[in-house]
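Residues per chain, in single letters:
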Amino acid sequence: MKTSTIVLLVILIILIIAVVVLYFLGKKAQKRQAEQQEQIDAAKQTVSMLIIDKKRLKMKESGLPQAVIAQTPRIMRFSKLPIVKAKVGPQILSLVCDEKIFDIVPVKKEVKATVSGIYITDVKGLHGKPIIAEQKKKGLFKRAMEQAQSKAGAKPLK
């Protein structure tokens, strides 16, 4: 056999092994996420709160309890989390917000939030009305791209 054929076979075998390993790791992570979601759903409560501030902060700067910081993996300590400072009753708390709803959380408004521990999973207006996020202005490039796509008859990108 030629050496190039042997090299290609070795690369192919390594790629197949990598795909199989990633498949099983993905299944394991998916099961773990489903279990965590069940725990979050079991402990959720609806609380009325006044949102003071929201930012993406590193875990050390977030103002979360030291016990929470100690339990997180080392890699997560350096990543930025969506943190919401809120007044719940007489207390001012730092809470971690779900990434999906962080953009629609209104600042300096009173809301009803679904909270599980220190994790905000859902936010509604004070009278149960859903909050509509403000649409950001589109940049020059994005508008030009949409115009070109509409002229060409293509579906717009999201």
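Scroll up to find the structure this text is about.
Thresholds, definitions, all that
- Residues numbered from 1 in each chain as written.
- Predicted model: local features only at pLDDT ≥ 70, side-chain atom pairs only at ≥ 80, totals over all residues.
- Heavy atoms only, no water.
- Helix = DSSP H or I, 4+ residues; strand = E, 2+ residues; numbered from the N terminus.
- Pairing = 2+ DSSP bridges.
- Salt bridge = Lys/Arg side-chain N within 4 Å of Asp/Glu carboxyl O.
- Buried < 20%, exposed > 50% of the residue type's maximum accessible area, 1.4 Å probe, protein only.
- Expected span 1.5 Å × (residues − 1).
- Core = buried A, V, L, I, M, F, W, Y, C linked by side-chain atoms within 4.5 Å.
- Contact = heavy atoms within 4.5 Å.

> Where do I start with unusual backbone geometry in this structure?
Glycine aside, the phi torsion of most residues is negative, and most peptide linkages are trans. For Lys-108, which is not a glycine, the phi torsion comes out positive at approximately 60°. Assignment of secondary structure puts Lys-108 in the loop between strand 3 (91–97) and strand 4 (110–116).

> Whenever I open this one, the pairing of strand 5 (residues 119–125) confuses me. Can you help?
As a general feature of sheets, a regular strand has side chains that alternate between the two faces. With 2 bridges joining them, strand 3 and strand 5 adopt parallel strand pairing. Bridge assignment links Val-96 to a residue of strand 5, and that residue is Tyr-119. With 6 bridges joining them, strand 4 and strand 5 adopt antiparallel strand pairing. Opposite Ala-113, over in strand 5, you have Val-123 as the bridge partner. Between the antiparallel neighbours strand 4 and strand 5 lie 2 residues, among them Gly-117 with a positive phi of about 70°.

> Explanation requested: the pattern of salt bridges in the structure shown.
Oppositely charged side chains can pair when the atoms bearing their charge come close. Summed over the entire model, instances satisfying the criterion amount to 3 salt bridges. Between Lys-55 and Asp-53 there is a salt bridge whose closest N-O contact spans 3.7 Å. In this structure Lys-55 comes out as partly exposed when scored by relative accessible area, which is 45%. The partly exposed category is assigned to Asp-53, whose relative accessible area is 27%. For Lys-138, the salt bridge identified is with Glu-146, shortest N-O distance 3.0 Å.

> Would you mind showing me how to read helix 4 (residues 140–152) here?
Residues three or four positions apart in an α-helix share a direction because the helix packs 3.6 residues into each turn. When the terminal C-alpha atoms of helix 4 are compared, their 18 Å separation across 13 residues agrees well with the 18 Å that a helix rising 1.5 Å per residue should span. Among the residues trailing helix 4, Gly-153 stands out with phi positive, at a value near 85°.

> Is there a simple way to explain the nonpolar core in this structure?
Core analysis: the biggest nonpolar cluster contains 15 residues, and Met-49, Ile-51, Val-84, Ile-120 and Val-123 have the highest contact counts within it. Within the residue set of this core, elements represented by two or more residues are strand 1 (45–58), strand 2 (80–88), strand 3, strand 4 and strand 5. Those residues within four positions of Ile-120 in sequence are excluded, and the remaining contacts are Met-49, Val-84, Leu-95, Val-96, Cys-97, Asp-98, Ile-101, Ala-113, Thr-114 and Val-115.

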